[in-house]
Amino acid sequence: MTTKGEMTKAYILENAKGLFGEKGYGSVTMKDFCDRCHLSRGGLYRYFVSTKEIFQTMLTEDLIMVEKSVDRWLSEEKSPIELMRHILSFQVIEILKGEGALDLAIYEYCKLEKDRSFISNRLDSSKRILIRVLDAAMKEGEILIQDAEKVAVWLLQHLEGVRISSNIITYSEEVLMEDLMTLLHLYTKQHARELALA
């Protein structure tokens, strides 16, 4: 059973994405969290001592949630390529909701805190997740690639570029879906058959 304290901490973290996305990393204060979450300073400090701790916890918890979802999906022996489509569709939803602004906050965090190791570790974890999915898709014969790591890095770099550029370019859902699904399609058996027929 979830305790009131766990619910409060989760509520703070739910509000973190919005605050950091709206104001950036460097402009968010503990008072902003008190106001947004309707907590006293003492109530907030019971869970977090700084905006840095909130930011890092938010990003870490987000990644843990993704890892658990991937574990669950793969353990149920569902199609890995469908999981990849699901991951890419989720990215589209986040971009359309304006979550790309959170990526700017991540860059700001790196610059202000001079802490690239935290973000590097996060990117390495994201890469490992994609490699697991790509490896599973290769074993199932759903995709044709030589090096899952290279494809994972390429996908991450492409997604990063789209997420960052979404702060100044308005993308439609159709354009984003077509772009990301085309990337995925390049590696499928179906694409290989289409090339052979051409």
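From a predicted model like this one, the values you see are computed outputs, not experimental measurements.

Draft legend 1. Quick look at the overall build of the protein. The secondary structure content of the protein amounts to 10 helices and 0 strands. In sequence order, the protein lays out its α and β elements as α-α-α-α-α-α-α-α-α-α. In terms of its C-alpha atoms, the protein occupies a principal-axis envelope of roughly 65 × 40 × 30 Å. When the 198 residues of the protein are sorted by exposure, 40% land in the buried category. For the protein, the share of sequence-separated contacts (at least 6 apart) that also reach a separation of at least 24 residues comes to 68%. Within the structure as shown, the protein displays about 11600 Å² of accessible surface, and the carbon and sulfur contribution to it stands at 55%. Computing the positive centroid from 26 side-chain charges and the negative centroid from 31, the protein places the two 5 Å apart.

Draft legend 2. Representation of the packing of helix α1 (residues 4-23) against helix α4 (residues 51-75). As a packed pair, α1 and α4 sit with axes 10 Å apart at the nearest point and diverge in direction by 105°. With respect to α4, the element α1 is oriented roughly perpendicular. From α1, I12, L13, A16, K17 and F20 reach across to α4, where they touch T51, I54, F55, T57, M58, E61 and D62. Partitioning the contact of α1 with α4 into residue classes produces 7 nonpolar, 2 polar and 3 charged.

Draft legend 3. Examining the nonpolar core more closely. One finds M84, L88, L134, I143 and I145 to be the most contacted residues of the largest nonpolar core, which totals 31 residues. Elements with a minimum of two residues in this core: α4, α5 (80-96), α7 (116-139), α8 (148-165) and α9 (173-185). Not counting the four nearest positions on each side in its chain, L134 is found in contact with M84, I143, I145, A148, V151 and A152. One finds L19, I106, Y109 and C110 within the second-largest nonpolar core, a separate group that totals 24 residues.

Draft legend 4. Representation of the pattern of salt bridges within the structure. As enumerated under the stated definition, the model contains 13 salt bridges in all. Taking the shortest distance from any N to any O, the salt bridge between R36 and E22 comes out at 2.6 Å. Of this pair, R36 sits in helix α2 (residues 30-37) while E22 sits in helix α1; the two residues are 14 residues apart in sequence, bridging distant segments of the chain. The exposure class assigned to E22 is exposed, which follows from its relative accessible area of 54%. With a closest N to O distance of 3.9 Å, D62 and R122 form a salt bridge. Of this pair, D62 sits in helix α4 while R122 is found in helix α7, placing the two residues 60 residues apart along the sequence. When salt bridges with common partners are traced through the structure, they connect K17, D62, E94, D103, R122 and R163 into a single cluster.

Draft legend 5. Examining the packing of α7 against α8 more closely. Remark: α7 packs on α8, axes separated minimally by 8 Å, with the N-to-C direction vectors making an angle of 125°. Classified by the angle their axes make, α7 and α8 are oblique. The hand of the α7/α8 crossing is right-handed. Residue-level contacts link L123, S126, K127, L130, I131, L134, D135 and M138 of α7 to A148, E149, V151, A152, V153, L155 and L156 of α8. Grouping the constituent residues of the contact of α7 with α8 by class yields 11 nonpolar, 1 polar and 3 charged.

What counts and how
Residues numbered from 1 in each chain as written. Predicted model: local features only at pLDDT ≥ 70, side-chain atom pairs only at ≥ 80, totals over all residues. Heavy atoms only, no water. Helix = DSSP H or I, 4+ residues; strand = E, 2+ residues; numbered from the N terminus. Buried < 20%, exposed > 50% of the residue type's maximum accessible area, 1.4 Å probe, protein only. Contact = heavy atoms within 4.5 Å. Areas by Shrake-Rupley, 256 points an atom, 1.4 Å probe, with all protein chains shown as cover. Lys, Arg positive; Asp, Glu negative; His and termini not counted. Charge placed at Lys NZ, Arg CZ, Asp CG, Glu CD. Axes fitted to C-alpha atoms, helices over the stretch in contact; angles between N-to-C directions. Parallel < 35°, antiparallel > 145°, perpendicular 65-115°, else oblique. Nonpolar A, V, L, I, M, F, W, Y, C, P; charged D, E, K, R; others polar. Core = buried A, V, L, I, M, F, W, Y, C linked by side-chain atoms within 4.5 Å. Salt bridge = Lys/Arg side-chain N within 4 Å of Asp/Glu carboxyl O. Left-handed = near helix turned anticlockwise from the far one by under 90°.

Geometric values such as these leave the question of function open.
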